[in-house]
Amino acid sequence: MEQSGLLRSQILQNDYYCPDHAAICNITSCVLPASNFNAILNTVLSIVITVMLALVMFSMGCTVEAKKFWGHIRRPWGIAVGFLCQFGIMPLTAFILSLLFDIHPVQAVVVIIMGCCPGGTGSNIVAYCISMTTCSTLLALGMMPLCLFLYTKIFVDASSIVIPYDSIGISLVALVVPVGFGIFVNYKWPRIAKKILKIGSITGGLLIVIIAVIGGVLYKGSWEIAPKLWILGTIFPFCGYAFGFILAYISNQTWS
């Protein structure tokens, strides 16, 4: 105990501080036990988001008429534009930005994965794009591996990337089942469906706030990133918005 106290005195005199819970501590290094805080937080956040997203999708389904939904599937011009944006423009934009900003290969892979992931949560709340989200989530089962194979080869071994098929499958179920039930409720009880929509809109707003607060405040190390990654992360979504709007405008889609 005396030696330990003397060692800590010397460390403090040399302006080097080692926390009390450190597993190994000496004058030159400090080894801390592994923290599973982020892992636990990620599990809790995933459960909360899945439940809230299912509620939001149920309320969104209450706005959908079966005939109109089937009409989008039979004439999928809008879905085709969304598909081209989701699996054409976004992965390519992520690849180009990663090269321009000369980021670390692992960081480049993360950016490209973000560009390949199917959209849904935010877009559904803002635009009620049920048909597009359903199709993009389903098509992601094949398009994500293809995009990652094409764009990550120069950064890492593409075969080492594991596609989260289980997460995509859970997202698909959490989307299709509540939406289908919501369409049924809207068909049978349209007045009740309007009330449910209000609840879903409030839940959607809370969902966005929860994701922002937990992701930006509670996650350890979430702010410890290089400035160029902040810039890249800001530019990336706006590129998607801009190109998506241009493609929709060129293909004579409605403003909505």
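All figures in this text were calculated on a predicted structure; none of them were measured in a lab.

## What about the overall build of the chain?
Across its full length, the chain holds ten helices and two strands. Across the chain, helices and strands are ordered from the amino to the carboxyl terminus as α-β-β-α-α-α-α-α-α-α-α-α. Considering the chain as a whole, with its 256 residues, one finds that 34% of them fall into the buried category. Summarising the internal contacts of the chain: among those between residues at least 6 apart in sequence, 70% fall at separations of at least 24. As displayed, the chain has an accessible area near 16,300 Å², and 70% of this comes from carbon and sulfur atoms.

## Digging into the environment of methionine 143
Within the fold, methionine 143 resides in helix α7 (residues 130–151). Owing to a relative accessible area of 19%, methionine 143 belongs among the buried residues under this scheme. Spatially, the C-alpha atoms of methionine 143 and phenylalanine 87 are 6.9 Å apart, while their sequence positions differ by 56 residues. Discounting chain neighbours no more than four positions away, the residues touching methionine 143 are Phe83 and Phe87.

## Notes on the packing of aromatic side chains
Within this structure, the stated rule accounts for six aromatic pairs. Note on phenylalanine 95 and phenylalanine 155: the rings are 6.1 Å apart at their centroids and 70° apart in plane angle, and the pair reads as edge-to-face. Taken together, the residues phenylalanine 95 in helix α4 (residues 77–101) and phenylalanine 155 in the loop between α7 and α8 (165–188) connect sequence positions 60 residues apart. Connected via pairs of aromatic rings, a cluster forms that spans Phe95, Tyr151 and Phe155. Above the ring of phenylalanine 149, the side-chain terminus of lysine 153 is found at 4.8 Å from the ring centroid.

## Remarks on the confidence of the model for the chain
Detailed reading of the predicted coordinates is not advisable wherever pLDDT is low. When pLDDT is averaged along the chain, the result is 74; 75% of the residues meet or exceed 70. Mean pLDDT per element in the chain: helix α1 (residues 2–13) is the minimum at 41, and α4 is the maximum at 89. Low confidence marks residues 1–16, where pLDDT is under 50. Its contacts with residues over four positions away, or in another chain, come to 21 contacts.

## Focus: the packing of α4 against helix α10 (residues 227–250)
α10 packs onto α4 with a crossing angle of 150° between their chain directions and a minimal axis gap of 9 Å. As for how α4 packs across α10, the hand of that crossing is right-handed. From α4, Val81, Leu84, Cys85, Ile89, Met90, Thr93, Ala94, Leu97, Ser98 and Phe101 reach across to α10, where they touch Lys228, Ile231, Leu232, Ile235, Phe236, Cys239, Gly240, Phe243, Gly244, Leu247 and Ala248. Broken down by class, the residue content of the contact of α4 with α10 amounts to 16 nonpolar, four polar and one charged.

## As for the UniProt feature "transmembrane region" (unreviewed entry) in the chain
Here, the residues flagged by UniProt with the feature "transmembrane region" (unreviewed entry) are residues 39–58, 79–101, 107–130, 137–156, 168–187, 199–218 and 230–250. Secondary structure content for residues 168–187 is 100% helix and 0% strand, and the end C-alpha separation is 28 Å.

## Description of a nonpolar patch on the surface
On the surface, Phe243, Phe245, Ile246, Tyr249, Ile250 and Trp255 cluster together into a nonpolar patch covering about 770 Å² of accessible area. Mapped onto the secondary structure, tyrosine 249 falls in helix α10.

## Some points on α8
Along its 24 residues, α8 runs 34 Å from first to last C-alpha, staying within 8% of the 34 Å computed at 1.5 Å per residue. Inspection of α8 places Ile168, Leu172, Ala174, Leu175, Pro178, Val179, Gly182, Ile183, Val185 and Asn186 among the buried residues, and these make up the whole buried set.

## Remarks on the packing of α4 against helix α5 (residues 105–116)
In contact at an axis separation of 8 Å, α4 and α5 are set at 165° when each is read in the N-to-C sense. On the basis of their axis angle, the class for α4 and α5 is roughly antiparallel. Of the two elements, α4 crosses α5, and the hand of that crossing is right-handed. Contact residues: α4 offers Gln86, Phe87, Met90, Pro91, Ala94, Phe95 and Ser98, while α5 offers Ala108, Val111, Ile112, Gly115 and Cys116.

## Topic: unusual backbone geometry
Even without glycine at this site, aspartate 102 takes up a positive phi of about 50°. Position of aspartate 102 relative to the elements: it lies in the loop between α4 and α5.

Basis of the calculations
Residues numbered from 1 in each chain as written. Predicted model: local features only at pLDDT ≥ 70, side-chain atom pairs only at ≥ 80, totals over all residues. Heavy atoms only, no water. Helix = DSSP H or I, 4+ residues; strand = E, 2+ residues; numbered from the N terminus. Buried < 20%, exposed > 50% of the residue type's maximum accessible area, 1.4 Å probe, protein only. Contact = heavy atoms within 4.5 Å. Areas by Shrake-Rupley, 256 points an atom, 1.4 Å probe, with all protein chains shown as cover. Phe/Tyr/Trp six-rings, centres within 6.5 Å; stacked < 30°, edge-to-face > 60°. Lys NZ or Arg CZ within 6 Å of the ring centre and 35° of its normal. pLDDT = per-residue confidence, 0-100. Axes fitted to C-alpha atoms, helices over the stretch in contact; angles between N-to-C directions. Left-handed = near helix turned anticlockwise from the far one by under 90°. Nonpolar A, V, L, I, M, F, W, Y, C, P; charged D, E, K, R; others polar. UniProt positions renumbered as here; feature names shortened; annotations may be inferred. Patch = residues over 30% accessible without salt bridge, like charges linked within 9 Å, V, L, I, M, F, W, Y side chains within 5 Å. Salt bridge = Lys/Arg side-chain N within 4 Å of Asp/Glu carboxyl O. Expected span 1.5 Å × (residues − 1). Parallel < 35°, antiparallel > 145°, perpendicular 65-115°, else oblique.

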